[in-house]
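Structural features, examined
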Amino acid sequence: MLKAAVPRCPPLLQRRWQTHHSHQPFPPDIHQWSHPPSKATVSDDEISRLAAKPRRPLTLADLVKHGKPPLRDADLLSSANFTVSLLPARLAHRIQALRNLPFIVVANPNVSTIYNNYLHSLSTLEPFYKKPIETIEEEMKFTEAMADLVRTHSNTIPTMAKGFLQCRKYIDPAEVTKFLDQHLRARIGTRLVAEQHLALHMASTGEAAKQKPDPNHVGVIDLGLRPADVIRQCEGFVGEVCELKYGVRPSLVIDGDTDAEFAHIPMHLEYIITELLKNAFRATIESGNEREPIEVTIASAPDVSTTKLQALRKLSVSEENAYDFSQDGLEEYCSSSDADIGPLNSAAPCITLRIRDRGGGIPPEALANIWSYSFTTFNNEQAAAAGGDNGTDAGLNTIASSGSDQSSIAGLGYGLPLSRAYAEYFGGGIALQSMYGWGTDVYLTLQGIGKMEEAKRAPSGYEI
Ligand code: ADP
Ligand code: MG
């Protein structure tokens, strides 16, 4: 069987690079950029075949359709088979997208680590997509493969960020933004289906199955998620990060519909709120306004109209990175081959959060870039003092010191674009309004599952 690995950079290509990019030196360590082939055994033909299969957008309803844990064996098998029906095409498509990057990028050690991770994960799925998962023993093995998949790809963000920062002299920034946006959005869905099966399995087998089931949880989905609770929890974490970094922690007030609840994925909401609070806290402290509280207002609009939501989505999209979120554009986007978002569901309950800070706002020259991956104003002074080139080294240093645990206050430049990708994944959005010289308002809208009440009442195995 053919081994699918990152190709070595042919000498001709090296010479051609030097001819066309003589103003930019070929990376001196290019020979180390070619990696040993991965142990993956999926053939190129197989990757092409899988990548050509249609991929349909994932919806929150897909994730709850196997019922509430503890699941019966038949439902667990059905969840496993549903999961495996989605993953190979998604992984193969990512492998092809990585291969299609300019050679200089895919040969970078960090990017090729990601590439090899995808090859590895696709090969671990081979035994399961070739024939249906029919026994609980097979389902156990499949669940182990899901755990491996989630683990293998957990460090993707800092690794990818580092790889693209190292290559950024050699590729068009618009191409990077497009690739990263598609890749990271697809990754959200891939992880989610794997994590959902894992969570359903855990809650349905062993000791957990004997305990009283949690009526609000369907795997990774919380049917009664309270934004106010998530905000307080994230405030605690971000406050600690601030105390470590700056020695102070601003206060935070929550107002509006503080009792609101809806059905969503806590992991996603936590990610977004943490990133938005880090930005608000950092700006508040760095502008010397740490006595001014950050204000978070919660609004719940169960019958929000599609038109309103679309208007908000339009607001949230910056010019240079524009998707067409008009009704036609949206439908086209949802059905296009690269789309990996759930459809807009106007009947679903909708929550809007406004995070308001007195951190001085965003200077106009920075505003145009805030939605680009890797754009950050963090640590620029230190980087300049150390002779770095305006942000690159700051980014690399921050990645090196912070890892993937979201525990540094800023520096990766992924907080806003990735939060927006999470919000948009299930039909929400993020809009930012800066009052330069005063502060910033960030509006986060999220849609829940339409039939929350039915879902809460649904017995195990009920299809919603
Ligand atoms: P990072 O926080 O790692 O820099 P982000 O994507 O979260 O990356 O933010 C990008 C940039 O946008 C920040 O570096 C900062 O300059 C600006 N920014 C974001 N939110 C705010 C805010 N609330 N107030 C002021 N500036 C902000
Ligand atoms: Mg940030």
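Quick note: structure is the one above.
We now turn to the structure provided with this report. A quick note: this is a predicted structure, and the numbers were derived from the prediction, not measured. Position labels on residues start from 1 in each chain and follow its written sequence. Labels are handed out in written order, letters beginning with A for the chains and numbers beginning with 1 for the ligands. Confidence filtering applies because this is a predicted model: local features only for residues at pLDDT of at least 70, side-chain atom pairs given and counted only at 80 or more, and all residues used for totals across whole chains, interfaces and linings. The side-chain values count all of the structure's non-hydrogen atoms but skip hydrogen atoms and water molecules.

**Side note on the overall build of the protein chain**
The following threshold applies: Secondary structure counts use DSSP, requiring at least four H or I residues in a row for a helix and at least two E residues in a row for a strand, with both numbered from the N terminus. Burial classes: relative accessible area under 20% of the type maximum marks a residue as buried, over 50% as exposed, and values in between as partly exposed (1.4 Å probe, protein chains only). Whether two residues are in contact is decided by their heavy atoms: any pair within 4.5 Å suffices. Where accessible areas are quoted, they stem from the Shrake-Rupley method and a 1.4 Å probe; at the residue level, only the protein chains shown are allowed to cover.
Scanning the protein chain from N- to C-terminus turns up 19 helices and 8 strands. Residues counted as buried form 54% of the 464 residues belonging to the protein chain. For the protein chain, contacts bridging at least 24 residues in sequence account for 82% of all contacts bridging at least 6. About 20800 Å² of surface is accessible on the protein chain, with carbon and sulfur atoms providing 53% of the total.

**Focus: the nonpolar core**
To keep it simple, the criterion reads: Here the nonpolar core consists of buried residues drawn from Ala, Val, Leu, Ile, Met, Phe, Trp, Tyr and Cys, with membership extended through side-chain atoms lying within 4.5 Å.
By size, the foremost hydrophobic cluster in this structure holds 112 residues, and its most contacted members are Leu63, Leu122, Phe164, Leu180, Ile273, Leu277 and Leu444. Among the elements that make up this core, the one with the highest residue count is helix H4 (residues 73–99) (12 residues). Among residues more than four places away in sequence, those in contact with Leu444 are Leu269, Ile272, Ile273, Leu276, Ile351, Thr352, Leu353, Ala423, Gly429 and Ile430.

**Details of the sheet that holds strand S8 (residues 439–447)**
Operational definition: Two strands qualify as a pair provided that DSSP identifies no fewer than 2 bridges between them. Fitted lines through C-alpha atoms give the axes, limited to the stretch in contact for helices. The angle between two N-to-C directions lies from 0 to 180 degrees.
Read from one edge of the open sheet, 5 strands run S3-S5-S6-S8-S7, paired in mixed fashion. The open sheet has two edge strands with one neighbour each: strand S3 (252–256) and strand S7 (429–435). Taken over all neighbouring pairs, the strand axes of this sheet differ in orientation by 15 degrees on average, direction set aside. Set on the sheet, helix H11 (residues 227–246) makes contact with S3, strand S5 (294–301) and strand S6 (350–357); between it and S3 the angle comes to about 170 degrees. Lying over the sheet, helix H12 (residues 266–286) contacts S3, S5, S6, S7 and S8, oriented at roughly 175 degrees with respect to S8.

**Quick word on the packing of aromatic side chains**
Condition: Planes of paired rings set the category: under 30 degrees apart is stacked, over 60 is edge-to-face and the rest tilted, where pairs are Phe, Tyr or Trp rings (Trp by its six-membered ring) whose centres lie within 6.5 Å.
Taken as a whole and assessed by the stated rule, the structure comprises 5 aromatic pairs. Aromatic pair Phe128 and Phe142: ring centres 5.4 Å apart, planes at 70 degrees, arrangement edge-to-face. Of this pair, Phe128 sits in helix H6 (residues 109–129) while Phe142 sits in helix H7 (residues 136–152), placing them 14 residues apart in sequence. Here Phe128 and Phe142 have matching classes, each one buried.

**Concerning the pattern of salt bridges**
What counts here: Salt bridge, as applied in this entry: a Lys or Arg side-chain nitrogen positioned within 4 Å of an Asp or Glu carboxyl oxygen.
All chains considered together, the criterion is met by 19 salt bridges. Taking the shortest distance from any N to any O, the salt bridge between Asp44 and Arg99 comes out at 2.9 Å. One end of the pair, Asp44, is in helix H2 (residues 44–51); the other, Arg99, is in helix H4, and 55 residues separate them in sequence.

**With respect to unusual backbone geometry**
Here the amide bond leading from Pro69 into Pro70 is cis, since omega sits at 0 degrees, within 30 degrees of zero. For Ser374, which is not glycine, the phi torsion reads 80 degrees and is therefore positive. With respect to the helices and strands, Ser374 occurs in the loop between helix H15 (364–367) and helix H16 (380–385). A relative accessible area of 17% places Ser374 in the buried class.

**Things to note about the sheet that holds strand S4 (residues 262–264)**
Ordered in space as S1-S2-S4, the 3 strands form an open sheet in which the pairing is antiparallel. The sheet is open, and its two edges are formed by strand S1 (217–218) and S4, each paired on a single side. In this structure, S1 lies alongside strand S2 (residues 221–225), joined through 2 bridges in antiparallel fashion. When the bridges of S2 are listed, His217 appears paired with Asp222.

**With respect to the state of the cysteines**
Let me state the cut-off plainly: For the purposes of this analysis, a disulfide is any pair of cysteine sulfur atoms at a distance within 2.5 Å.
A complete count under the given rule lists 0 disulfides for this structure. No disulfide involves Cys242; its nearest neighbouring cysteine sulfur is the one of Cys234, lying 13 Å away.

**Overview of the site of ligand 1**
Threshold: Residues are labelled near a given molecule or strand when at least one of their non-hydrogen atoms is within 4 Å of it. Whenever a nitrogen or oxygen atom comes within 3.5 Å of another N or O atom, the pair is scored as a polar contact, on the condition that within protein one atom can donate a hydrogen and the other can accept it, and that pairs from neighbouring residues in sequence are kept only if both atoms are in side chains. By the convention adopted, Pro, Cys, Tyr, Trp, Phe, Met, Ile, Leu, Val and Ala count as nonpolar, Lys, Arg, Asp and Glu as charged, and the other residues, Gly among them, as polar.
Around ligand 1, 18 residues are found, and the nearest of them are Asp357, Thr376, Thr377, Gly411 and Gly413. Residue Thr377 places a side-chain N or O atom 2.5 Å away from an oxygen atom belonging to ligand 1. At 2.9 Å, a backbone N or O of Leu416 approaches an oxygen atom of ligand 1. Its free accessible area being 540 Å², ligand 1 has 94% of it covered by the protein chains. For the shell around ligand 1, the elements supplying multiple residues, two or more each, are H12 and helix H18 (415–425). Considering only residue class, the shell around ligand 1 consists of 8 nonpolar, 8 polar and 2 charged.

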